[in-house]
Amino acid sequence: MSPPVAPPGWSRWLVPPAALSVHLSIGQAYAWSVFKPPLESALGLSGTQSALPFQLGIVMLGLSAAFGGTLVERNGPRWAMTVALLCFSSGFLLSALGASLEQYWLIVLGYGFVGGIGLGIGYISPVSTLIKWFPDRPGMATGIAIMGFGGGALIASPWSAQMLESFGSDSSGIALAFLVHGLSYAVFMLLGVLLVRVPRNEKPVESGPSVLAGPQVSANQALRTPQFWFLWIVLCMNVTAGIGILEKAAPMITDFFADTSTPVSVTAAAGFVALLSAANMAGRIGWSSTSDLIGRKNIYRVYLGAGALMYALIALFGDSSKPLFVLCALVILSFYGGGFATIPAYLKDLFGTYQVGAIHGRLLTAWSTAGVLGPLIVNWIADRQEEAGRHGASLYGLSFVIMIGLLVVGFVANELVRPVDPRHHVPAPKEAAHGRRQQSESA
């Protein structure tokens, strides 16, 4: 499938809606916590077990983005969006079969493995194209699209809760909800497949700097730089801190206030998940656009430093004030979303646009790691604390302290980021031959 080239006069503002149609769909992953309690009840699962499809989905997101990044660069966004549509929708259909048969392994395979591949390819599908269309405002451009991934749960969370209420929260009701998700998202993602275009000659139609201006670094060479690995640590720590709350959001807020005079209902917990999704979405466009003004390193200082402070406030005072708990969680999730939306522009600043999509895909292995690490820390510790007879907010105190430590590690890694040494840059003749067969790089 050849990348569809924009005709003369094509508006670059048609590209973000195409990206949004894919990202809003695959962003359903952030509403997984709505399915956790029904699955645990219907199939007799623990909190750690019910997190497995989500964890595997995030692992496959990072791995498929890493290994598929070069293919996405070569074949273009329409090919990538088509692959994402097929995998993501098929994952839901397999999960529906698994729930209907009460075979949890099929849900893990469908939602986690097959759907996770769709997550990864779909996530990176528009990033490189958007940066090429908007070289003058890369943070804003990627923020608009990646905002959709964060906002997907804003739609999916109440929608899923309503379906489970209408269809029932037993295995057959869960299966029907998965089926409706799979078919609906296939139709919506198709809009992006049909609409997306790449700029002619890889230059934006509207005036702006050349997309190959400045230093350029290949994807393979980027792996040899300390900057790539410092950013890997930064992203991993920021994602771990956010995903630890997000994956267990509904049961967490219920546990925190279970012993108070104002317990949280199931409906309110689903609303909390939707609020987190709104913060995640707003952070992706708001913070990433701010990074165009104050710089990437400075904005990550905010994400990591202020994020640690928010976790400390929840750990110390969260169970005594519902507004404080909700506010701090919203801020953490806005930083989480902002971190995702800002990282492509950070990569562009350091490595150029030559193979930024492939570099971004490789960096998302940090997300795979965090997708296992965050839920594992929170769920495993909560399960162990519950076995020890604890309940309420005490289930999460230790995991929050660990999150603070991880954010400090990320803060230090961000401080160590420096411009890439010129010896890693692609020689000028190779830049001119972008898209053709790569020649051997000089030492």
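Since the structure is predicted, the reported quantities are computational estimates derived from the model, not experimental observations.

Draft legend 1. How the structure looks around the overall build of the protein. Along its length, the protein carries 19 helices and zero strands. Taking 443 residues into account, the globule formula puts the C-alpha radius of gyration at 22 Å, and the protein, at 21 Å, falls close to it. Each of the three principal axes of the protein carries a C-alpha extent, and together these read 65 × 45 × 35 Å. Counting over 443 residues, the protein shows a buried share of 57%. Taking all contacts inside the protein whose residues are at least 6 apart in sequence as the whole, residues at least 24 apart take part in 85%. Carbon together with sulfur atoms contributes 66% to the accessible area of the protein, which is approximately 16300 Å² in total. Positive and negative side-chain charges in the protein, numbering 25 and 21 respectively, have mean positions lying 14 Å apart.

Draft legend 2. Region of the structure containing the side chain of serine 171. In this fold, serine 171 is placed in helix H9 (residues 171-195). Overall, the relative accessible area of 12% leaves serine 171 in the buried class. At 3.0 Å, the side chain of serine 171 forms a polar contact with the side chain of glutamate 102. Contact partners of serine 171, with chain neighbours within four places excluded, come to Ala42, Ala99, Ser100 and Glu102.

Draft legend 3. Up close: helix H14 (residues 296-317). With 22 residues, H14 should cover 32 Å at 1.5 Å per step; its first-to-last C-alpha distance of 31 Å lies within 8% of that length. For H14, the set of buried residues is Arg296, Ile299, Tyr300, Tyr303, Leu304, Gly307, Ala308, Met310, Tyr311 and Ile314.

Draft legend 4. The environment of glycine 295, seen in detail. Note on placement: glycine 295 falls in the loop between helix H13 (266-294) and H14. On the basis of relative accessible area, glycine 295 is assigned to the partly exposed category, the value being 25%. Along the sequence, glycine 295 and tyrosine 346 sit 51 residues apart, while their C-alpha atoms lie 8.6 Å from each other.

Draft legend 5. Examining helix H1 (residues 15-26) more closely. Along its 12 residues, H1 runs 17 Å from first to last C-alpha, staying within 8% of the 16 Å computed at 1.5 Å per residue. Extensive coverage of H1 is indicated by the burial of 10 of its 12 residues. Taken as a whole, H1 has its buried residues at Val15, Pro16, Ala18, Ala19, Leu20, Ser21, Val22, His23, Ser25 and Ile26.

Draft legend 6. Region of interest: the packing of aromatic side chains. Under the counting rule described, the total for this entry stands at 32 aromatic pairs. Ring geometry for tryptophan 159 and tyrosine 185: centres 5.8 Å apart, planes at 85°, overall edge-to-face. With tryptophan 159 in helix H8 (residues 138-167) and tyrosine 185 in helix H9, this residue pair connects regions lying 26 residues apart in the sequence. The exposure class assigned to tryptophan 159 is partly exposed, which follows from its relative accessible area of 28%. Here tyrosine 185 falls in the buried class, since its relative accessible area comes to 7%. Both rings, one in tyrosine 311 and one in phenylalanine 400, keep their centres 5.2 Å apart while their planes meet at 65°; by these two values the pair is edge-to-face. Of this pair, tyrosine 311 sits in helix H14 while phenylalanine 400 is found in helix H18 (residues 397-415), placing the two residues 89 residues apart along the sequence.

Draft legend 7. The pattern of salt bridges, seen in detail. Applying the stated criterion across every chain yields a total of eight salt bridges. Aspartate 136 is paired through a salt bridge with arginine 12; the nearest N and O atoms lie 3.2 Å apart. In this pair, aspartate 136 sits in the loop between helix H7 (127-133) and H8 while arginine 12 sits in the segment before H1, placing the two residues 124 residues apart along the sequence. Judged by relative accessible area, which is 4%, arginine 12 ranks as buried. Arginine 423 is paired through a salt bridge with aspartate 421; the nearest N and O atoms lie 3.8 Å apart. The class for aspartate 421 is partly exposed, based on a relative accessible area of 38%. Shared partners join several salt bridges into a network, and the residues in it are Arg12, Asp136 and Arg137.

Draft legend 8. Highlighting the environment of glycine 374. In this structure, glycine 374 sits in helix H17 (residues 365-387). In the structure, glycine 374 is positioned 134 residues away from threonine 240 in sequence and 4.5 Å away in space, judged by C-alpha atoms. If we skip the residues at most four places from it in the chain, glycine 374 touches Thr240, Ile243, Gly244 and Met403.

Criteria and thresholds
- Residues numbered from 1 in each chain as written.
- Predicted model: local features only at pLDDT ≥ 70, side-chain atom pairs only at ≥ 80, totals over all residues.
- Heavy atoms only, no water.
- Helix = DSSP H or I, 4+ residues; strand = E, 2+ residues; numbered from the N terminus.
- Rg over C-alpha atoms; globule rule 2.2 N^0.38 Å.
- Buried < 20%, exposed > 50% of the residue type's maximum accessible area, 1.4 Å probe, protein only.
- Contact = heavy atoms within 4.5 Å.
- Areas by Shrake-Rupley, 256 points an atom, 1.4 Å probe, with all protein chains shown as cover.
- Lys, Arg positive; Asp, Glu negative; His and termini not counted.
- Charge placed at Lys NZ, Arg CZ, Asp CG, Glu CD.
- Polar contact = N/O pair within 3.5 Å; in protein donor to acceptor, adjacent residues only side chain to side chain.
- Expected span 1.5 Å × (residues − 1).
- Phe/Tyr/Trp six-rings, centres within 6.5 Å; stacked < 30°, edge-to-face > 60°.
- Salt bridge = Lys/Arg side-chain N within 4 Å of Asp/Glu carboxyl O.

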